[in-house]
Amino acid sequence: MNFAYEKPTTTKALSGLLEQAGSGAALLAGGTDLLGQLRGRLLEPQLVIDLKGIEELSLIEHHEDGSASFGATVVANRIIDDKRFHGPMAALPIACSRSATFTIRNRATIVGNIANASPCADSVPPLCVLGAEVELRAGDEVRRLALPAFIRGVRATVRKKNEYVAAVHVPAQAKGTRTFFRKHQRVRGHDLALANAALLHDPEGKRLRVAIGSCSPAPVLVNLDDMFDAPDAEEAARRCMKAILPISDVRASVEYRIDMTGVLVRRLLSDLQA
Amino acid sequence: MDYDIELTVNGVKYKTRAPASFTLIQLLRDKLHLTGTKEGCGIGECGACNVLLDGKLVNSCVVLGVEANGAEIRTIEGEANGEELSDLQQAFIKHHALQCGFCTPGMLMSARDLLNRTANPTDEEIVEAIAANLCRCTGYVTIVDAIREVADAKSKGGAK
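Residues numbered from 1 in each chain as written. Chains lettered and ligands numbered in written order. Predicted model: local features only at pLDDT ≥ 70, side-chain atom pairs only at ≥ 80, totals over all residues.

This paragraph deals with the overall build of chain B. Along the backbone of chain B there are 5 helices and 5 strands. Put simply, chain B runs from its N terminus to its C terminus through helices and strands in the order β-β-α-β-β-β-α-α-α-α. By the compact-globule yardstick of 15 Å for 160 residues, chain B fits well, its C-alpha radius of gyration being 16 Å. Summarising its shape, the C-alpha atoms of chain B cover approximately 50 × 30 × 25 Å along the three principal directions. Counting only residues that meet the buried cut, chain B has 44% of its 160 residues in that class. A sequence separation of at least 24 residues applies to 56% of the contacts in chain B between residues at least 6 apart. (Helix = DSSP H or I, 4+ residues; strand = E, 2+ residues; numbered from the N terminus. Rg over C-alpha atoms; globule rule 2.2 N^0.38 Å. Buried ≥ 20, exposed ≤ 12 C-beta atoms within 10 Å, placed from the backbone. Contact = placed C-beta atoms within 7 Å.)

Below you can see the structure in the form of structure tokens.
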């Protein structure tokens with residue numbers, strides 16, 4: 001490991017560094033994932049750019065219309081502790097609290113969770129059903145993408161080398177909307193998901209959506225709006241099991257992940273009745 | 001490339017220089033010679049290296065030393081006051097809450113963080129607070145007992 005370290009205090013300075021360093025730069029927010037990659041020499045950047053010096057990126061904003069946004073350096077424990085996320089967006093703080101350990105959540109950011117694009121990222125299924133958008137910036141150029149369009153596959157996103165994720169925007173949810181999160185793991189404590197899933201129920205727009213993680217290269221969003229008036233847990237589970245494309249690895253087999261996805265979806269639908 | 005790093009550890013100001021690749025635990029142990037903090041897994045899973053960074057519990061193996069520039073750190077060396085052991089240290093001894101002792105510095109920092117955050121924690125909160133500290137000797141029960149005793153004494157306005 002031999003790299004230079006910069007901690008810019010403005011987004012302008014950050015963009016300048018990214019333009020200069022190109023693919024040789026790695027962005028550091030919480031570092032809980034990056035440090036593992038650096039120490040394992042999976043990543044050998046020339047420059048590590050620490051985002052924590054830029055105040056703008058550390059903000060959580062709740063807007064009057066009910067929408068919310070949070071910057072690149074907002075850590076998981078801040079989302080959990082923010083009561084305003086515990087309404088229609090509750091699946092997000094619940095997923096955060098089921099992710100990693102308290103100690104890690106003091107450092108780990110949600111934007112890092114998304115931008116690393118690990119298929120088992122716990123914050124991704126809730127943000128997918130909530131319709132969250134990722135704000136990418138390069139200098140003065142800004143583009144916003146729906147989360148499923150941002151994540152391309154295993155540890156792959158559409159972020160260009162001169163871009164950074166500035167924030168995540170969660171749109172206002174229709175009145176009465178509820179969201180739920182479920183995760184299946186080997187042990188009760190801190191463990192990666194074998195499968196995780198979130199459900200959104202919007203009575204105003206008659207929307208019923210499920211997003212599944214850890215079971216495909218990228219998150220899978222399943223639209224169940226057609227069964228909004230008469231949800232059928234068995235049929236919903238069948239559709240979700242069909243939509244995923246899991247792998248066998250040290251944590252679980254393909255067959256087990258497909259079965260467990262069915263279980264998670266059935267449980268999410270029973271959460272809805274409770 | 002080496003960087004100047006200034007930080008306060010247990011109330012003492014330090015000035016040092018280290019490469020950007022140095023983790024916070026390397027900085028503490030190899031530069032400041034504060035070897036109380038232990039490194040277990042090196043990937044933020046075992047909790048042996050836990051310290052408080054600006055009042056927040058962190059795994060010092062997944063924080064860069066340069067990230068701690070200007071920060072206030074509390075480590076296990078800040079628990080005792082000279083020869084006088086802290087309430088938690090005394091309770092750990094009383095309850096035999098350690099055997100090999102490798103997890104103890106991190107375990108004590110997690111316990112200290114819990115007591116800082118929560119006035120009168122439930123048993124579940126105590127277990128939750130040390131859930132990310134792996135101990136292969138004790139079976140955890142005596143550790144929970146030790147923390148319980150200090151928490152109870154504190155909530156009764158007894159021990160410090």
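Now for the pairing of strand S2 (residues 12-19) of chain B. Every other side chain in a regular strand lies on the same face of the sheet, so the side chains alternate between the two faces. Residues and elements named next belong to chain B. Strand direction decides the pairing type here: strand S1 (residues 2-9) and S2, joined by 8 bridges, are antiparallel. Looking at S2, one finds that Asp-2 is bridged to Pro-19. Where S1 hands over to S2, the hairpin turn is made up of 2 residues, of which Asn-10 adopts a positive phi near 50°. (Pairing = 2+ DSSP bridges.)

With that settled, consider the sheet that holds strand S4 (residues 56-59) of chain B. Residue and element names in this part refer to chain B. The mixed open sheet is built from 5 strands, whose spatial order is S2-S1-S5-S3-S4. Two strands lie at the open edges of the sheet, namely S2 and S4, each paired on one side alone. On average, adjacent strands in this sheet sit at an angle of 40° to one another, irrespective of strand direction. Alignment of strand S3 (residues 50-53) against S4, held across 4 bridges, turns out to be antiparallel. Residue pairing for S4: Asn-50 is matched across the bridge by Asn-59. In the packing of helix H3 (residues 104-117) onto the sheet, the strands contacted are S3 and S4, and the crossing angle to S3 comes to about 40°. (Axes fitted to C-alpha atoms, helices over the stretch in contact; angles between N-to-C directions.)

Attention shifts here to the sheet that holds strand S3 (residues 47-50) of chain A. All names here are of chain A. Taken together, the 3 strands give an open sheet; going across it, the order is S1-S3-S2, and neighbouring strands pair in parallel fashion. The open sheet is flanked by strand S1 (4-6) and strand S2 (25-28), the only strands paired with a single partner. The average undirected angle you get between the axes of adjacent strands in this sheet is 25°. Pairing of S2 with S3 involves 4 bridges; the strand directions are parallel. Along S3, the bridge assignment pairs Leu-27 with Ile-49.

A word on the environment of B:Asp4. As for its placement among the helices and strands, B:Asp4 is situated in strand S1. When the C-alpha positions of B:Asp4 and B:Thr16 are compared, they lie 5.9 Å apart, and in sequence the two are 12 residues distant.

Now for the pairing of strand S10 (residues 164-170) of chain A. All names here are of chain A. Here S10 lies mainly inside the structure; 6 of its 7 residues are buried. Across 4 bridges, strand S5 (residues 68-71) lies against S10 in antiparallel orientation. Within S10, the residue paired with Phe-70 across the bridge is Val-168. By the bridge criterion, 5 bridges tie strand S6 (residues 133-138) to S10 in an arrangement that is antiparallel. Bridging from a neighbouring strand, Val-134 pairs with Val-168 of S10.

With 20 residues of chain A in contact, the opposing surface of chain B contributes 21 residues. At the level of elements, S1, helix H2 (34-39), S3 and helix H5 (102-105) of chain A are the ones that each hand at least two residues to the side of chain A that touches chain B.

This part takes up the packing of helix H2 (residues 87-94) of chain B against H3(B). Residue and element names in this part refer to chain B. Relative to each other, H2 and H3 sit at 125°, their axes nearing to 10 Å. When the interaxial angle is binned, H2 and H3 end up oblique. Judged by the twist between their axes, the crossing of H2 over H3 is right-handed. Side by side, H2 and H3 meet where Leu-88, Gln-89 and Phe-92 of the first sit next to Thr-104, Leu-108, Ala-111 and Arg-112 of the second. Tallied by class, the residues present in the contact of H2 with H3 amount to 4 nonpolar, 2 polar and 1 charged. (Parallel < 35°, antiparallel > 145°, perpendicular 65-115°, else oblique. Left-handed = near helix turned anticlockwise from the far one by under 90°. Nonpolar A, V, L, I, M, F, W, Y, C, P; charged D, E, K, R; others polar.)

Residue and element names in this part refer to chain B. Examined at the domain level, chain B breaks down into domain 1 (2-78) and domain 2 (87-155). Computed over C-alpha atoms only, the centres of domain 1 and domain 2 are separated by 22 Å. Between domain 1 and domain 2, the contact holds 12 residues from the first and 11 residues from the second. Here the element with the most residues in the side of domain 1 that touches domain 2 is S3; it accounts for 3 residues. Taken together, the residues of the side of domain 1 that touches domain 2 break down into 7 nonpolar, 4 polar and 1 charged. (Domains from an automatic or database assignment.)

Turning next to the nonpolar core. Counting 131 residues, the largest nonpolar core has A:Val168, A:Ala197, A:Ala198 and A:Val210 as its most contacted members. When residues of this core are assigned to domains, at least three fall in each of domain 1 (2-78) and domain 2 (87-155) of chain B. Dropping the residues within four chain positions of it, A:Val210 is found in contact with A:Ala197, A:Leu199, A:Val222, A:Leu224, A:Cys240, A:Val265 and A:Leu268. (Core = buried A, V, L, I, M, F, W, Y, C linked by C-beta atoms within 7 Å.)

Okay, the environment of A:His184 next. Residues and elements named next belong to chain A. By the secondary structure assignment, His-184 is in strand S11 (residues 178-184). Residue classification places His-184 among the buried positions, given that 20 C-beta atoms sit within 10 Å. As a C-alpha pair, His-184 and Ala-195 span 11 residues in sequence and 5.4 Å in three-dimensional space.

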